[in-house]
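Coordinates in review
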Amino acid sequence: MNEFIRGTCDEMCPKAEIDLRIRERMVHFFETDPDAGAAGVPDRSRMVKEFTRSAADRRQPKPWEIRTPRMLLETVHYLLTIVLPDPRRPFHQRYEFIFDRMRAIRQEMVIQNLSVGEVLPILEPIVRFLCYSAYRLCEAPIAEFDPKICAQHLQECLKKVLRCYEELDGGDLNRFEMERLYLSFNIGSPEATQSALARYGASEPELRLHITTQLECHRGNYCAAIRNLLRFSPLEAAVASLQLPQFRRRMLQQFSIAYQSRVQTVPLEWLESVLGYEGRERTCLANDCRHYNLQLVARTDGTDAGEGNRSWAVKFEKAQFDGQRCALQPRKVPRIEDVLDRCRNISRMLLGGFYG
């Protein structure tokens, strides 16, 4: 029978690690004193335990090297209320620091085999942070942000949260929020759809829109799925929108078969509507079509087209669509971006799951 350690450390970082990292000059920017008058001065009160990989030859940690459940929760709050809004560094650097420290928190949760009641208050804000970061950094270059690593950890956290809910008898106030985030992140996934249907059926009011959207994806009705996802709550819509490039690619491939013609064309303005291009994103549509080798032609129907997409139409031909081209990198969606910009307190949203 496994014996689990119960942590006794009541600081964000054990003293031995603080001493070691100060001595070895391994103190992160966000662990230095901003009021010291000189750069790089360590601030012990700001130091947060960093993640280290487990290894077979490593000794078992001592209780005083592991943080208590209360301190793990306090550390999550510190990261999201102090580090996350810190404007002194770009968001990808804040994400990198918080991601590493949250990974250490999750590791200590496993080491201690915390109860469901202790895990959920810690893990739910981590899920929201990963969802928000996956969207916020979706346009970042790979040198600044690896979406695959973020997605892997987000999926693990979501599944862990849902397993925890299965062990509860009730009183889990955030359960449907996490279920919706799981469906949003896995929009179009048969596994996620079947899992939700098995637990709740198709008529659960809290999930009806999301399950309907999943079913539209399975039918190949991506136009309806796109309209629906824009009705999700902002964080859910943000993480679901990461699949927009995949949906649009499939739709353009479908159109290349359904609207194939040697003489007829489809106005680019119509594609804006069915593919969900809005606001600033409209300027990307022509280049997105060219990415898949679709032919753009000037409109000759006598319409006073003016400038932009009104001037162009697409000539669909099945043989011309480049099926070897991968879907484009996700982009921020203007409608979702506008809502998030109006959120006065992102930290509060990630900690409590609401907008303030």
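Note that the coordinates shown come from a computational prediction; the quantities given were computed from them, not determined experimentally.

1. Structural notes on the pattern of salt bridges
Taken as a whole and assessed by the stated rule, the structure comprises 30 salt bridges. The closest approach of N and O atoms between Glu 278 and Arg 335, which form a salt bridge, is 2.3 Å. Residue Glu 278 is found in the loop between α12 (268-275) and α13 (285-291), and its partner Arg 335 is found in helix α14 (residues 334-342); the two are separated by 57 residues along the sequence. Look at Glu 278 and you get partly exposed, because its relative accessible area is 22%. Note on Arg 335: relative accessible area 38%, which makes it partly exposed. Look at the salt bridges and you will find they share partners, linking Glu 17, Arg 21, Glu 31, Glu 50, Asp 100 and Arg 101 into a network.

2. A closer look at the sheet that holds strand β3 (residues 312-315)
The strand order across the open sheet formed by 3 strands is β1-β3-β2, and the pairing between neighbours is antiparallel. Each edge of the open sheet is held by one strand with a lone partner, namely β1 (266-267) and β2 (295-298). Sheet topology note: the β2/β3 ladder contains 4 bridges and is antiparallel. Counterpart to Gln 295 in the pairing with β3 is Lys 315.

3. What about the domain arrangement of the chain?
Entries for the chain in the domain assignment read domain 1 (15-243 + 332-351) and domain 2 (246-315). The gap between the C-alpha centroids of domain 1 and domain 2 is 37 Å. Each partner contributes residues to the interface: domain 1 has 14 residues there, and domain 2 has 12 residues. Together domain 1 and domain 2 conceal approximately 1,100 Å² of surface at their shared face, both sides included; 62% is due to carbon and sulfur atoms. Viewed at the interface, domain 2 and domain 1 are joined by 1 salt bridge. Scanning the region where domain 1 abuts domain 2 turns up 4 residue pairs in polar contact (both at pLDDT 80 or more). Elements supplying a minimum of two residues to the side of domain 1 that touches domain 2: α9 (222-229) and α14. Counting residues per element, the side of domain 1 that touches domain 2 draws most heavily on α9, which supplies 5 residues. Class assignment for the residues of the side of domain 1 that touches domain 2 results in 9 nonpolar, 2 polar and 3 charged.

4. Notes on the packing of helix α2 (residues 69-83) against helix α4 (residues 116-136)
At a closest axis distance of 9 Å, the pairing of α2 and α4 adopts a crossing angle of 20°. Our classification of the angle between α2 and α4 gives roughly parallel. Classified by chirality, the crossing of α4 by α2 is left-handed. Contact with α2, carried on its side by Pro 69, Leu 72, Leu 73, Val 76 and Leu 80, involves Glu 118, Pro 121, Ile 122, Pro 125, Ile 126 and Phe 129 of α4 and no other residues of that element.

What counts, and where the lines are drawn
- Residues numbered from 1 in each chain as written.
- Predicted model: local features only at pLDDT ≥ 70, side-chain atom pairs only at ≥ 80, totals over all residues.
- Heavy atoms only, no water.
- Salt bridge = Lys/Arg side-chain N within 4 Å of Asp/Glu carboxyl O.
- Helix = DSSP H or I, 4+ residues; strand = E, 2+ residues; numbered from the N terminus.
- Buried < 20%, exposed > 50% of the residue type's maximum accessible area, 1.4 Å probe, protein only.
- Pairing = 2+ DSSP bridges.
- Domains from an automatic or database assignment.
- Contact = heavy atoms within 4.5 Å.
- Buried area = accessible area lost by both parts, 1.4 Å probe.
- Polar contact = N/O pair within 3.5 Å; in protein donor to acceptor, adjacent residues only side chain to side chain.
- Nonpolar A, V, L, I, M, F, W, Y, C, P; charged D, E, K, R; others polar.
- Axes fitted to C-alpha atoms, helices over the stretch in contact; angles between N-to-C directions.
- Parallel < 35°, antiparallel > 145°, perpendicular 65-115°, else oblique.
- Left-handed = near helix turned anticlockwise from the far one by under 90°.

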